[in-house]
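So the chains spell out like this:
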Amino acid sequence: MTSLYGNLAARQAFSAAIDSGSLHHGWIFAGPEGVGKARFAMLAARRLLAGPGQPDDFEIPPGDRTQQLIDAGSHPDLKLLQRLPRDEKKPEQGLARSIRVDQVRELDHFLGVKATYSDRRVVVIDTADDLERPGASNALLKNLE
């Protein structure tokens, strides 16, 4: 994953919230398409999962174990919700129309267990607009309760 350019105000606000110890349980990164919201969300997730002492510029040190686990899709404290391929056997057919309700319901177990490698568990939803209506949205709200 490459470095993050721009979004200085968002990076400072997020870093200040972490440093203050009053990080809110949910963040929404909003803006026009192509400004780096998903990249920022993943870098913020990595910073949270890597623990204290991370630089405010969100730079990733070479060989960072947390980043290696995230890149491999195997970090046990991170769940990424995104549209999946329509057919797993034929991924060239494109992505599904939405994030399915069963994907969101998988969060029940994830959020119900203690974090493995870090002090937190992180869920990144890319993008919330893609949640299947109304089922996935309702399932997400149930998890947040």
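About the cut-offs
Residues numbered from 1 in each chain as written. Predicted model: local features only at pLDDT ≥ 70, side-chain atom pairs only at ≥ 80, totals over all residues. Heavy atoms only, no water. Helix = DSSP H or I, 4+ residues; strand = E, 2+ residues; numbered from the N terminus. Core = buried A, V, L, I, M, F, W, Y, C linked by side-chain atoms within 4.5 Å. Buried < 20%, exposed > 50% of the residue type's maximum accessible area, 1.4 Å probe, protein only. Contact = heavy atoms within 4.5 Å. Phe/Tyr/Trp six-rings, centres within 6.5 Å; stacked < 30°, edge-to-face > 60°. Lys NZ or Arg CZ within 6 Å of the ring centre and 35° of its normal. Salt bridge = Lys/Arg side-chain N within 4 Å of Asp/Glu carboxyl O. Axes fitted to C-alpha atoms, helices over the stretch in contact; angles between N-to-C directions. Parallel < 35°, antiparallel > 145°, perpendicular 65-115°, else oblique. Left-handed = near helix turned anticlockwise from the far one by under 90°. Expected span 1.5 Å × (residues − 1). pLDDT = per-residue confidence, 0-100.

### Some words on unusual backbone geometry
Then step 1. For the bond running from Asp126 to Thr127, omega is -5°, close enough to zero to count as cis.
Then step 2. Among the secondary structure elements, Thr127 is positioned in the loop between strand S2 (122-126) and helix H6 (135-144).
Then step 3. Cis geometry marks the peptide bond from Arg133 to Pro134; its omega dihedral reads -15°.
Then step 4. Residue position: Pro134 is located in the loop between S2 and H6.

### With respect to the nonpolar core
Then step 1. By size, the foremost hydrophobic cluster in this structure holds 15 residues, and its most contacted members are Phe14, Phe58, Leu78, Val122 and Val124.
Then step 2. At the level of elements, helix H1 (8-20), helix H2 (37-50) and S2 are the ones that each hand at least two residues to this core.
Then step 3. In contact with Val122, other than residues within four places in its own chain, are Ala45, Leu48, Leu49, Asp77, Leu78, Lys79 and Phe110.

### Focus on the packing of aromatic side chains
Then step 1. Throughout the structure, instances matching the rule amount to five aromatic pairs.
Then step 2. Aromatic rings pair up to connect Phe14, Trp27, Phe29 and Phe40 into one cluster.
Then step 3. Note that Arg65 overlies the ring of Tyr117, its terminal NZ or CZ placed 4.5 Å from the centroid.

### Focus on the pattern of salt bridges
Then step 1. Inspection of every chain in the model, using the stated rule, returns four salt bridges.
Then step 2. Across the pair Arg46 and Asp64 runs a salt bridge, and its minimum N-O distance is 3.7 Å. In this pair, Arg46 sits in helix H2 while Asp64 sits in the loop between H2 and helix H3 (65-71), placing the two residues 18 residues apart along the sequence.

### Considering the packing of H1 against H2
Then step 1. Two numbers describe how H1 lies on H2: the axes approach to 12 Å, and their chain directions differ by 20°. Classed by the angle they form, the pair H1 and H2 counts as roughly parallel. In this structure, H1 crosses over H2, and the sense of that crossing is right-handed. Where H1 abuts H2, its residues Ala10, Arg11, Phe14, Ser15, Ile18 and Asp19 lie against Phe40, Ala44, Arg47 and Leu48.

### Remarks on H2
Then step 1. Compared with an ideal rise of 1.5 Å per residue, which puts 14 residues at 20 Å, H2 spans 20 Å between its outermost C-alpha atoms and is within 8% of the ideal.
Then step 2. Burial within H2 is extensive, with 10 of its 14 residues counted as buried.
Then step 3. All of the buried residues in H2 are Phe40, Ala41, Met42, Leu43, Ala44, Ala45, Arg46, Arg47, Leu48 and Leu49.
Then step 4. Close packing links the buried residues of H2 with H1, H3, strand S1 (78-82) and S2.

### Concerning the confidence of the model for the protein
Then step 1. On average, residues of the protein carry a pLDDT of 84, and 94% of them reach 70 or more.
Then step 2. Mean pLDDT across the elements of the protein ranges from a minimum in H1, with 82, to a maximum in S1, with 93.

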